[in-house]
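Observations on chain architecture
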Amino acid sequence: MALLTVPFPAFGVRAVWAPAGPFRLAQPRRLIARGQAAALFRAAGWRHPFGHLRLTSTMPPGGGGGASTAAIVATARLLGLAAPRLPDLAVAIERASDPSMLADPGAWLWAPRRARAVRQMARPAPMRLVGGFVGPPRWTDPGDGAFDDISDLVTCWDGAETAADFAALAQASATRRLGRLGEDPAPWADAVRQSGALGFIIAHSGSARGLLLALDAGPPAILAARRALQARGARGCVTGRVGGAA
């Protein structure tokens, strides 16, 4: 079971810790449980958590952007935990992970239940992503083993060169995922045609979905993609660059 992450610079988690007084955990959006925070303190060598820990996120929990793993990684770094320990800590604490603790998370085929890189992948050609969140949050189920077989797509990825090549592979993977979710992919294929996008993309777990455009897509194309997403129920639409050099 493996996934490919699409790093998106607009999304992230910030952790601030004031190490004084009894433990307080403040998070406007619930990212991690108090017990998970306590586990990080224990891993750092303290028996009990203390001080004021504040976590803020630019992405919604349950959206598929890796908010919970990012919160664990941000807190672990604040507490001085060594980088090589972070993948195993993420799995130990939430039984799942994404590669957000790596310097170049988009360059690896990642096994989320084992927190291990399966193999290095070519970074996709740079593209413009217009994305949003469709439906209620869908939290990661650590027991979910319903991963699609993408071995053929991984092989094709090695030979992809253009943005259109990579977007077509992303859409093929997304189409398989929608089929497993019992959803008709036709409305999303229609959104690609209507907006002039190169392809569509969805999160394996979470409500994130988006349209991939050429990097030089201008305001009219971006607006068309945003309208296509909103017509299919997307909220919180954002735009940013993905792919290319790390």
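Residues numbered from 1 in each chain as written. Predicted model: local features only at pLDDT ≥ 70, side-chain atom pairs only at ≥ 80, totals over all residues. Heavy atoms only, no water.

Helix and strand counts for the protein chain come out as seven helices and 10 strands. In terms of overall dimensions, the protein chain is globule-like: its C-alpha atoms have a radius of gyration of 19 Å, near the 18 Å expected for 246 residues. If one aligns the C-alpha atoms of the protein chain with their principal axes, the spans along those axes are about 55 × 35 × 35 Å. Counting across all 246 residues of the protein chain, residues that qualify as buried make up 47%. Pairs at least 24 apart in sequence give 72% of the contacts found in the protein chain among residues at least 6 apart. (Helix = DSSP H or I, 4+ residues; strand = E, 2+ residues; numbered from the N terminus. Rg over C-alpha atoms; globule rule 2.2 N^0.38 Å. Buried < 20%, exposed > 50% of the residue type's maximum accessible area, 1.4 Å probe, protein only. Contact = heavy atoms within 4.5 Å.)

Even without being a glycine, Arg 95 presents a positive backbone phi close to 65 degrees. Within the fold, Arg 95 resides in the loop between helix H3 (86–94) and strand E5 (108–111).

A few words now on the side chain of Thr 69. Residue placement: Thr 69 occurs in helix H2 (residues 67–78). In contact with Thr 69, other than residues within four places in its own chain, are Ala 90, Glu 94, Ala 96, Ser 97, Asp 98, Ser 100 and Met 101.

Our next topic: the side chain of Arg 113. You can see Arg 113 is positioned in the loop between E5 and strand E6 (116–120). Leaving out residues up to four positions away in the same chain, Arg 113 has contacts with Met 1, Val 91, Arg 95, Ala 96, Thr 140, Asp 141, Pro 142, Asp 144 and Phe 147.

Looking now at the sheet that holds E5. An order of E1-E5-E6 is seen for the three strands of this open sheet, with the pairing classed as antiparallel. Two strands bound the open sheet, and with one partner strand each, they are strand E1 (3–4) and E6. Of the pairings in the sheet, the one linking E5 to E6 comprises four bridges and is antiparallel in character. Bridge pairing in E6 places Leu 109 opposite Arg 119. (Pairing = 2+ DSSP bridges.)

Once that is clear, we can look at the nonpolar core. Val 13, Leu 40, Leu 53, Leu 55, Leu 81, Leu 86 and Leu 89 are the most contacted members of the largest nonpolar core, which totals 30 residues. Contributions of two or more residues to this core are made by strand E2 (13–18), helix H1 (34–43), strand E4 (52–57), H2 and H3. Counting residues per element, this core draws most heavily on H2, at seven residues. Formed by 20 residues, the second largest nonpolar core is a distinct cluster that contains Leu 109, Met 127, Ala 160 and Ala 163. (Core = buried A, V, L, I, M, F, W, Y, C linked by side-chain atoms within 4.5 Å.)

In the contact formed by helix H6 (residues 186–195) and helix H7 (residues 219–231), the axes pass within 9 Å of each other and the chain directions differ by 155 degrees. Comparing their axes, H7 and H6 come out roughly antiparallel. The handedness of the crossing between H6 and H7 is right-handed. Only Ala 224, Ala 225, Ala 228 and Leu 229 of H7 make contact with H6, whose side of the interface consists of Trp 188, Ala 191 and Ser 195. (Axes fitted to C-alpha atoms, helices over the stretch in contact; angles between N-to-C directions. Parallel < 35°, antiparallel > 145°, perpendicular 65-115°, else oblique. Left-handed = near helix turned anticlockwise from the far one by under 90°.)

Strand order in this open sheet of three strands is E2-E4-E3, and the pairing throughout is mixed. Among the strands making up the open sheet, the edge pair consists of E2 and strand E3 (24–26). Shown here is a sheet whose adjacent strand axes are inclined to one another by a mean of 15 degrees, direction ignored. Bridge count for E2 against E4 is six bridges, and the pairing is antiparallel. Opposite Ala 18, over in E4, you have His 52 as the bridge partner. Sheet contacts for H2: E2 and E4; angle to E2, the most-contacted strand, approximately 35 degrees.

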